[in-house]
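# Notes for the structure review
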Amino acid sequence: MSLINKMLQDLDARGGQPGLAAGAPEIKPVAPPERTFPWLRVVLVAALVAVLGASAYMAWRLKQNSAAPPAAEVPLDLSKAPVAQEVPVPQPAPAPVEPAVAEAAPEPEKAEPAKAAPEPAEPKVAAAAPKREASVVKREPAKAVPKPVAAPKAPAGKVETTTQRAENGYRRAMASLEDGRVTEAIGNLEGALRADPRHEAARQTLISLLIEAKRPEEAIRQLGAALALDARQPAMAMLLARLQLERGSPGIDTLMRTLPYAAGNGEYHAFLAGALQREERHREAVEQYRQALRTAPQNGVWWMGMAISLQAEKRAPEAVVAYQKARDSGSLSPELLGFVDRKLKQFAQ
């Protein structure tokens, strides 16, 4: 069919040639054929039509658009038109249509008007058909272009939970820390804790950053909030008490609130004993040192601390034993070892 369309386009392009225009008037007023025309001419025309029809069929089967000879391009359409109308071609009986074909055969270019002889408007329609097909072919590439697909929208109505919000804030803070933006990290951690005050990692990181930034008041506030939510955090209590001691507050109340949850924690008992000793509460300090030494009997610093409180309680024999154990532990620094030796010499005099 593409070959036929090409031929129709060629015919349409030649529509303005003088030869074609002159031929059209000759075909329209053709008079009815006379019965005395030569039979030999009719037979030759019929044979020519059959040959042209066979060649058109072979050309269509092989789809050789460019291989078809230029001279055969126009007759292809000529052959199709008469063959469709001339079913009894093998029979040489005269028919009214054959004279028109006989006259049109010598001039292939006039075949298109002969096709439209029954209705003069048909040649224009046939010529316009390939134009419409060509326009359709031209539009096809534009239709084939894929349209951009819009990105899928996030599902509406999905609410972020407080736990997710806190975790996201903590991750943003970690990313800010990696880039060295400490102030931004602190803000993200505070936001995470507002979403979920029990986010331990965010709380611990925030307290550490506040201490490093020399903002102890804010660190104390964060530590107090953590212990108010859960007092079972000995490490938090020790850190808060240390900050309180540095600012002149005893910190004993903080340590005593968490003491029930620090059983078996020698560091915690020793730290509480030292705080009690600073407040001259030596009897309680001695008891806390004993608790601490049960977990680490070779800790010379704790033996020395207990000896100081025993001496303050006027319990000299027990103090000497404690000083001696501190000296024998082998874990004292030279300065502390010298202090213990002096105390032993005092008791020896």
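Quick note: structure is the one above.
In this report, we go over the structure that sits alongside the text. Computed from a predicted structure; not experimentally measured. (Residues numbered from 1 in each chain as written. Predicted model: local features only at pLDDT ≥ 70, side-chain atom pairs only at ≥ 80, totals over all residues. Heavy atoms only, no water.)

The subject of this paragraph is helix α10 (residues 200-212). For an α-helix, the turn length of 3.6 residues means that residues three or four places apart are oriented alike. For α10, with 13 residues, the first-to-last C-alpha span of 18 Å sits near the 18 Å given by 1.5 Å per residue. Within the span of α10, buried status applies to Ala-202, Arg-203, Thr-205, Leu-206, Ile-207, Leu-209 and Leu-210. Of the residues flanking the end of α10, it is Lys-214, one or two places downstream, whose phi is positive at about 60°. (Helix = DSSP H or I, 4+ residues; strand = E, 2+ residues; numbered from the N terminus. Expected span 1.5 Å × (residues − 1). Buried < 20%, exposed > 50% of the residue type's maximum accessible area, 1.4 Å probe, protein only.)

This structure, assessed with the given rule, holds 11 salt bridges. With a closest N to O distance of 2.9 Å, Glu-284 and Arg-281 form a salt bridge. Residue Glu-284 is classed as partly exposed on the basis of its relative accessible area of 35%. Under the relative-accessibility criterion, Arg-281 is labelled partly exposed at 33%. Arg-283 is the partner of Glu-313 in a salt bridge, and the nearest nitrogen-oxygen pair spans 3.9 Å. Placement of the pair is Glu-313 in the loop between α16 (300-312) and α17 (316-328) and Arg-283 in helix α15 (residues 282-295), with a sequence separation of 30 residues. Using a relative accessible area of 27% as the deciding quantity, one classes Glu-313 as partly exposed. (Salt bridge = Lys/Arg side-chain N within 4 Å of Asp/Glu carboxyl O.)

Among the secondary structure elements, Leu-240 is positioned in helix α12 (residues 234-246). Expressed as a C-alpha distance, the spacing of Leu-240 and Arg-221, which sit 19 residues apart in the sequence, is 9.1 Å. Those residues in contact with Leu-240, other than ones at most four positions away along the chain, are Ile-220, Leu-223, Gly-224, Leu-227 and Thr-254. (Contact = heavy atoms within 4.5 Å.)

The next subject is the packing of helix α8 (residues 162-178) against helix α9 (residues 182-195). Relative orientation and spacing of two packed helices are given, respectively, by the angle between their axes and the distance between those axes. It is the contact of α8 with α9, at a shortest axis distance of 8 Å, that shows an interaxial angle of 170°. Classified by the interaxial angle, the pair formed by α8 and α9 is roughly antiparallel. In this structure, α8 contributes Thr-162, Arg-165, Ala-166, Gly-169, Tyr-170, Arg-172, Ala-173, Ser-176 and Leu-177 to the contact, and α9 contributes Val-182, Glu-184, Ala-185, Asn-188, Leu-189, Ala-192 and Ala-195. For the contact of α8 with α9, the class distribution of residues is nine nonpolar, four polar and three charged. (Axes fitted to C-alpha atoms, helices over the stretch in contact; angles between N-to-C directions. Parallel < 35°, antiparallel > 145°, perpendicular 65-115°, else oblique. Nonpolar A, V, L, I, M, F, W, Y, C, P; charged D, E, K, R; others polar.)

Read these as layout, nothing more, since geometry by itself doesn't imply function.
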